[in-house]
Amino acid sequence: MLICIFTGFASGLPLYLLLNLVPAWLKTEGLSLKAIGAFALIQFPYTWKFLWAPLLDRFGILPWLGRRRGWMLVSQLGLVAAIAWLGQLSPVTDLGLVVGLTAAIALLSATQDIALDAFRREILPEIELGLGNAIHVNAYRVAGLVPGSLSLILADHLAWGPVFVITALFMLPGVAMTMFSAEPREAAGTPRTLRAAVVEPFREFFGRHGVRSALLVLAFLFLYKLGDSLCTALATPFYLDMGYSKTDIGIVAKNAGLWPSVIGGILGGLWMLRLGINRALWLFGLVQVVTILGFVWLAWLGPMPSDAGRLAVLAIVIAGEAVGVGLGTTAFVAYMARTTHPAYTATQLALFTSLMAMPRTFINASAGWLVERMGWYDFFWACFFLAIPGMLLLLKVAPWNGEAKAVAAMPGRA
């Protein structure tokens, strides 16, 4: 479980750096909002990482560390260097290099995620998948406090160069974890050829489930968090339209958003030890769907001046959504891990997590258009109904009483 804390923190820090710290840096350095918005395109490696994941399954880059830890160390050291270097540049005079370096950070971060996901899957026994992934996901979120809070505070007192160096140093605990952890035993079964590393993960997955069932699993991975993800795509503009100030949103979101999500995720991991992954997907998914109605409620109330009562309403909506996300993500990530084959963990998990990220990357881009056409109230009802197909697919991919059958069917664990 301690290792899962380190994997989550190391995985989350570079993403939140790209989402929070880099835009703030670009803004203060005088770049236009249009140019800053274009930097969102550098997140594409997170969606397409399954394309080079077979390389991580087939080849070890540092044989003395092992297949998983070798890739982890190289990507982590690359991130330390790239993040520290980034702050030494000027976005105005070195814009091309800044774009290239931020793209390199995204590529290194996505590569680290491939290796970390496979590593974590291979060190966790079946019964600990829920708790281990819950701890990983919540450490991932806590990591966002470094570039999203601490680094911004430091930027008021230091130049950007030292700020980025200090932020880069927060990757070192992950480096230490990589150096002192043991290579997973199951990682020894490497594919014999690159072709096998590319083709066999997909052949094995479709062969194990059958084409129809495999397609249902992939559809479930795409749909399970679709409504929830679309619902929060424009959360901050929605709060502003409802009459809340930026200070109100900042204070309430930091306290009512992060910590309920962390607590919900950890409790969800503990409950999963008793419930099993299948039942957790049902119960936690139901919470995830119901909390969307909090946004419906807030939209129904409409814009009103901020007061203590209205702030309490905002806190309830944000906290409810955060708990739903924490619980739903915990069960979802554990399900993805359980669905992989030990010999192809990196490639299959990269495919699954890419499908999980696609709504955030592509579908959410339509959120603004939908709100303009429908209004906030109808938009959130649409998000609620979009969350239902993923729940219905549970009847096929994770039946309520199908836990023992699912575990027995896992490769190498029958």
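This text goes with the structure placed above it.
Cut-offs used in this document
Residues numbered from 1 in each chain as written. Predicted model: local features only at pLDDT ≥ 70, side-chain atom pairs only at ≥ 80, totals over all residues. Heavy atoms only, no water. Helix = DSSP H or I, 4+ residues; strand = E, 2+ residues; numbered from the N terminus. Buried < 20%, exposed > 50% of the residue type's maximum accessible area, 1.4 Å probe, protein only. Contact = heavy atoms within 4.5 Å. Areas by Shrake-Rupley, 256 points an atom, 1.4 Å probe, with all protein chains shown as cover. Patch = residues over 30% accessible without salt bridge, like charges linked within 9 Å, V, L, I, M, F, W, Y side chains within 5 Å. Salt bridge = Lys/Arg side-chain N within 4 Å of Asp/Glu carboxyl O. Axes fitted to C-alpha atoms, helices over the stretch in contact; angles between N-to-C directions. Parallel < 35°, antiparallel > 145°, perpendicular 65-115°, else oblique. Left-handed = near helix turned anticlockwise from the far one by under 90°. Core = buried A, V, L, I, M, F, W, Y, C linked by side-chain atoms within 4.5 Å. Expected span 1.5 Å × (residues − 1). Phe/Tyr/Trp six-rings, centres within 6.5 Å; stacked < 30°, edge-to-face > 60°. Disulfide = S-S within 2.5 Å.

S.K.: Which parts of the structure should I look at to understand the overall build of the protein?
M.R.: On a plain count of helices and strands, the protein comes out with 24 helices and 0 strands. Counting the 414 residues in the protein, one finds 54% classified as buried. Considering only intrachain contacts with a sequence separation of at least 6, the fraction spanning at least 24 residues in the protein is 84%. Roughly 17,400 Å² of accessible area belongs to the protein as shown, and the carbon and sulfur atoms make up 71% of that amount.

S.K.: In this structure, what is going on with a nonpolar patch on the surface? I would like to understand it.
M.R.: Together, Ile 127, Trp 259, Ile 263, Ile 266, Leu 267, Leu 270, Trp 271 and Leu 273 make up a nonpolar patch on the protein surface, roughly 760 Å² of accessible area in all. Here Ile 127 shows up in the loop between helix 6 (95–123) and helix 7 (129–143).

S.K.: What am I meant to see in the side chain of His 136 here?
M.R.: Its place among the elements puts His 136 in helix 7. The exposure class of His 136 is buried, given its relative accessible area of 6%. In contact with His 136, other than residues within four places in its own chain, are Cys 4, Thr 7, Gly 8, Ser 11, Asp 117 and Arg 120.

S.K.: Hey, could you run me through the packing of helix 16 (residues 277–290) against helix 18 (residues 308–338) in this one?
M.R.: Packed helices, taken two at a time, are described by their axes: the angle between them and the distance between them. Helix 18 packs onto helix 16 with a crossing angle of 150° between their chain directions and a minimal axis gap of 8 Å. In terms of orientation, helix 16 lies roughly antiparallel with respect to helix 18. The crossing of helix 16 and helix 18 is left-handed. Residues Ile 277, Asn 278, Ala 280, Leu 281, Phe 284, Val 287 and Gln 288 of helix 16 form the contact with helix 18, whose own contacting residues are Gly 324, Leu 327, Gly 328, Thr 329, Ala 331, Phe 332, Ala 334, Tyr 335 and Arg 338.

S.K.: What is the right way to read the nonpolar core from this model?
M.R.: Soluble, globular proteins show a tendency: their nonpolar side chains are buried together. One finds Phe 220 and Leu 221 to be the most contacted residues of the largest nonpolar core, which totals 115 residues. Ignoring any residue separated from it by four or fewer positions in sequence, one finds Phe 220 in contact with Leu 281, Phe 332, Tyr 335, Gly 390, Leu 393, Leu 394 and Val 397.

S.K.: What am I meant to see in helix 5 (residues 67–86) here?
M.R.: Each α-helix turn comprises 3.6 residues. Residues three or four places apart therefore point the same way. The end-to-end C-alpha distance of helix 5 is 29 Å, a good match for the 28 Å that 20 residues give at a rise of 1.5 Å each. The element helix 5 is extensively covered by neighbouring structure, given that 15 of its 20 residues are classed as buried.

S.K.: Honestly, the packing of aromatic side chains in this entry has me stumped. Any pointers?
M.R.: When we look at a pair of aromatic rings, we describe it by the centre distance and by the angle of the planes. Per the stated rule, a full pass over the model turns up 24 aromatic pairs. For the pair Phe 238 and Trp 376, a centre-to-centre distance of 5.0 Å together with 55° between the ring planes defines the contact as tilted. Highlighted residues: Phe 238 in helix 14 (residues 235–241) and Trp 376 in helix 21 (residues 376–386), separated in sequence by 138 residues. Trp 376 matches Phe 238 in its accessibility class, with the two residues each being buried. With centroids separated by 6.3 Å and ring planes inclined at 20°, the aromatic side chains of Tyr 239 and Phe 295 adopt a geometry described as stacked. Here Phe 295 lies in helix 17 (residues 292–301) and Tyr 239 lies in helix 14, a separation of 56 residues in the sequence. Since its relative accessible area comes to 0%, Phe 295 is described here as buried. Aromatic rings pair up to connect Phe 238, Tyr 239, Phe 295, Trp 376, Phe 379 and Phe 380 into one cluster.

S.K.: Where do I start with the pattern of salt bridges in this structure?
M.R.: Tallied over the full model, the rule gives 8 salt bridges. Close ionic contact of Asp 117 with Arg 120 constitutes a salt bridge, the shortest N to O distance being 3.2 Å. With a gap of 3 residues between them, Asp 117 and Arg 120 both fall in helix 6, about one helical turn apart. A relative accessible area of 4% places Arg 120 in the buried class.

S.K.: Sorry, what's going on with the packing of helix 5 against helix 6 here?
M.R.: One can describe the packing of helix 5 onto helix 6 by two numbers: an axis separation of 8 Å at closest approach and a directional angle of 150°. Between helix 5 and helix 6, the crossing angle belongs to the class labelled roughly antiparallel. In this structure, helix 5 meets helix 6 at a crossing whose hand is left-handed.

S.K.: Any chance you could explain the side chain of Thr 347 here in plain terms?
M.R.: Tracing the backbone shows Thr 347 in helix 19 (residues 345–361). Among the residues examined, Thr 347 registers a relative accessible area of 1% and is labelled buried. When neighbours within four sequence positions are excluded, Thr 347 is seen to be in contact with Ala 53, Pro 54, Asp 57, Ala 197, Pro 201 and Phe 202.

S.K.: How should the state of the cysteines be read in this particular structure?
M.R.: Working definition of a disulfide: a covalent bond connecting the sulfur atoms of two cysteines. One pass over the full model with this rule turns up 0 disulfides. Here Cys 231 is not disulfide-linked; the sulfur of Cys 383 is the nearest cysteine sulfur, at 5.1 Å. What makes Cys 231 buried here is its relative accessible area of 1%.

S.K.: Would you take a moment to explain helix 12 (residues 211–223) for this structure?
M.R.: Taking 1.5 Å per residue, 13 residues should reach 18 Å; helix 12 reaches 18 Å between its end C-alpha atoms and fits that length. Those residues of helix 12 not exposed but buried are Ala 214, Val 217, Leu 218, Phe 220, Leu 221 and Leu 223.

S.K.: Sorry if this is basic, but what is going on with the environment of Leu 97 here?
M.R.: On the secondary structure map, Leu 97 appears in helix 6. In this structure, the C-alpha to C-alpha distance between Leu 97 and Leu 86, residues 11 residues apart in sequence, is 8.8 Å. Once residues lying within four places of it in the same chain are set aside, the contact partners of Leu 97 are Trp 85 and Leu 89.

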